[in-house]
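# Structure assessment
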Amino acid sequence: MDIGAVITEELEVEVLFNIPLFGGIPVTETVVVMWIVMAVMAAGGFLLTRGLKIENCSKRQLIVEAAYTKIYGFFRDLVGEKGEAFVPYLVIMIIFIGISNIFGIFGVKPPTKDVTLTGVMAVMSIVIIQIAGIKAKKTKGWLRSFASPTPIVLPINILELGIKPLSLCMRLFGNVLGAFVVMKLIEAVVPVILPSVVSLYFDFFDGFIQAYVFTFLTALYIQEAVE
Amino acid sequence: MLNIIPWDAVFILINLIVLYIIMRKVLIKPINNIINERRTVIESGLEKAAASESNAKALEKEWREKLSKAGAESENIIETAKETARGEYDKLVAEANTEAARILRDARKSIEDERNSAMQGIRSQVASLAVDAAKKVLESSDLSDINDSIYEKFLTGSGDGNESESK
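These lines cover the structure that appears in this document, whether it is placed above or below. (Residues numbered from 1 in each chain as written. Chains lettered and ligands numbered in written order. Predicted model: local features only at pLDDT ≥ 70, side-chain atom pairs only at ≥ 80, totals over all residues. Heavy atoms only, no water.)

Okay, the overall build of chain A next. Helices and strands together make up the secondary structure of chain A, namely 7 helices and 2 strands. In chain A, the succession of helices and strands from N to C terminus is α-β-β-α-α-α-α-α-α. Dimensions of chain A, computed from C-alpha atoms along their principal axes, come out at roughly 55 × 55 × 40 Å. Look at the contacts in chain A between residues 6 or more apart in sequence, and 65% of them connect residues 24 or more apart. In the structure as shown, chain A presents an accessible area of about 11,400 Å², 71% of it carried by carbon and sulfur atoms. One finds the centroid of the 17 positive side-chain charges in chain A at a distance of 12 Å from the centroid of its 18 negative side-chain charges. (Helix = DSSP H or I, 4+ residues; strand = E, 2+ residues; numbered from the N terminus. Contact = heavy atoms within 4.5 Å. Areas by Shrake-Rupley, 256 points an atom, 1.4 Å probe, with all protein chains shown as cover. Lys, Arg positive; Asp, Glu negative; His and termini not counted. Charge placed at Lys NZ, Arg CZ, Asp CG, Glu CD.)

Dropping the structure here:
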């Protein structure tokens, strides 16, 4: 088996169909799987938050509230008081990345395996980080923050605008792609039992860790920007 | 190798924004709402509890004051009642004493009067008896010239003697 060929094949993003507008808009597998993830998340969110009560809560509500409060509190502590407005974004992102990462177990390509998706998310994150900085320090303070602590670091700070999202994007993409490729290889060598065990690590553990790392770093950058 | 399709990025961006809006509406908002609602309910409950507690404490203080006042007052009332009762008792006893003395005096006086009038009656009767007796003696012995007044005198004198004896 040619590993190079496998990796090249996995890097390809399949175009599932074309929307016959403007000479054909290609819709890739990533986008379609994303729609599924979005549908799952919306349905899950809707089902979990039905009939919430102030008193005599159901077990479901208690679990949902406890989990939400825990995650919210975690990000709230990370970004600080000034960045609290961005906590919902981080909560939604960690859920989305987590679910996307484990979508490989259903035999489809996880959307986070597409570098376009991780790239867009990383760009979104860096834009939100800058918005947070502008909101917290006003435009003047935000511009000045590039030259702090000393003006010498100005080029490095500007470089960081590109480095931060690039590292976010590549870390997530590389991990998910790597996990996916390793899983494919293991499945090719030992088709039974072993893949299910190893998938616990590569799909679930690594998937959640990467979701955690992506949002954790974004939260840290936001905190840095608003302080 | 990495095939980046521009439309892919556009779709993904739109998807992410839509996802954010949907999840905010479906997941974040309801949970936040319910948590905030519960917080306000609990806070207002705590406030109410604190208010009623301070109210209860004020009432308790008031009652304590009233109770201590009531104790003093009741002692006061008992004291004055005793005082009044003692005065009344003394007055009644004094009245009874004077009444008794008066009754005794009246009784003595009426006894005296009774005796005096009885004496008077007896005296006159004895006088008429003596006269009768004397008449009868005189009828038999003709001593008619002996005057009634002599007996009267004699008897009054002996009556006085009796009176002085009885005293």
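Right, let's get into the packing of aromatic side chains. Residues and elements named next belong to chain A. Enumeration according to the criterion identifies 12 aromatic pairs over all chains in this entry. The interplanar angle of 40 degrees and the centroid separation of 5.5 Å between the aromatic rings of Tyr 68 and Tyr 72 together place this pair among those described as tilted. On the criterion of helical spacing, the pair formed by Tyr 68 and Tyr 72 is a turn pair, its members being 4 residues apart in helix α3 (residues 59–79). Residue Tyr 68 is classed as buried on the basis of its relative accessible area of 6%. Judged by relative accessible area, which is 17%, Tyr 72 ranks as buried. Both rings, one in Phe 74 and one in Phe 75, keep their centres 5.1 Å apart while their planes meet at 65 degrees; by these two values the pair is edge-to-face. The exposure class of Phe 75 is buried, given its relative accessible area of 0%. Among the aromatic residues, those joined into a ring-pair cluster are Phe 74, Phe 75, Tyr 212 and Phe 216. Against the face of Tyr 221 rests Lys 164, its NZ or CZ located 4.5 Å from the ring centre. (Phe/Tyr/Trp six-rings, centres within 6.5 Å; stacked < 30°, edge-to-face > 60°. Buried < 20%, exposed > 50% of the residue type's maximum accessible area, 1.4 Å probe, protein only. Lys NZ or Arg CZ within 6 Å of the ring centre and 35° of its normal.)

This part covers the pattern of salt bridges. The final tally for this structure, using the stated rule, is 10 salt bridges over all chains. A salt bridge links Glu 60 of chain B to Arg 64 of chain B; the shortest N-O distance between them is 2.8 Å. Residue Glu 60 of chain B and its partner Arg 64 of chain B are both found in helix α1 (residues 6–141); the two are separated by 4 residues, about one turn of the helix. Owing to a relative accessible area of 40%, Glu 60 of chain B belongs among the partly exposed residues under this scheme. Note on Arg 64 of chain B: relative accessible area 56%, which makes it exposed. If you follow the salt bridges from partner to partner, you end up with Glu 160, Lys 164 and Glu 224 of chain A in one network. (Salt bridge = Lys/Arg side-chain N within 4 Å of Asp/Glu carboxyl O.)

A few words now on the interface of chain A and chain B. Listed by partner, the interface residues are 43 residues for chain A and 30 residues for chain B. With both chains or domains summed, chain A and chain B bury close to 3,500 Å², and 79% of this area falls on carbon and sulfur atoms. Per-residue buried area on chain A facing chain B is highest for Ile 54, Tyr 68 and Ile 92 of chain A; these three make up 19% of the total on that side. On the surface where chain A and chain B come into contact, there are 1 salt bridge. Counting every contact that joins chain A to chain B gives 5 residue pairs in polar contact (both at pLDDT 80 or more). Residue assignment for the side of chain A that touches chain B shows that the elements contributing at least two residues are β1 (15–19), β2 (25–28), α2 (29–48), α3, α4 (87–101) and α5 (115–144) of chain A. Ranked by residues supplied to the side of chain A that touches chain B, first place goes to α2 of chain A with 9 residues. (Buried area = accessible area lost by both parts, 1.4 Å probe. Polar contact = N/O pair within 3.5 Å; in protein donor to acceptor, adjacent residues only side chain to side chain.)

This part takes up the packing of α3 of chain A against α4 of chain A. Residue and element names in this part refer to chain A. It is at 9 Å that the axes of α3 and α4 come closest, and there the two elements cross at 125 degrees. Taken together, the axis directions place α3 and α4 in an arrangement best described as oblique. Pair α3 / α4 crosses with right-handed handedness. Across the interface between the two elements, Tyr 68, Ile 71, Tyr 72, Phe 75, Arg 76 and Val 79 of α3 pack against Val 87, Pro 88, Leu 90, Val 91 and Ile 94 of α4. For the contact of α3 with α4, the class distribution of residues is 10 nonpolar, no polar and 1 charged. (Axes fitted to C-alpha atoms, helices over the stretch in contact; angles between N-to-C directions. Parallel < 35°, antiparallel > 145°, perpendicular 65-115°, else oblique. Left-handed = near helix turned anticlockwise from the far one by under 90°. Nonpolar A, V, L, I, M, F, W, Y, C, P; charged D, E, K, R; others polar.)

All names here are of chain A. Position of Gly 98 relative to the elements: it lies in helix α4. The exposure class assigned to Gly 98 is buried, which follows from its relative accessible area of 1%. The spatial distance from the C-alpha of Gly 98 to the C-alpha of Gln 210 is 7.8 Å, given a sequence separation of 112 residues. Each residue touching Gly 98, except ones within four places of it in the same chain, is listed here: Phe 208 and Ala 211.

A few words now on the environment of Val 127 of chain A. Residue and element names in this part refer to chain A. As for its position among the elements, Val 127 is in helix α5. A residue is classified by how much of its surface remains accessible, and Val 127, at 41% relative accessible area, is partly exposed. The spatial distance from the C-alpha of Val 127 to the C-alpha of Pro 165 is 9.4 Å, given a sequence separation of 38 residues.

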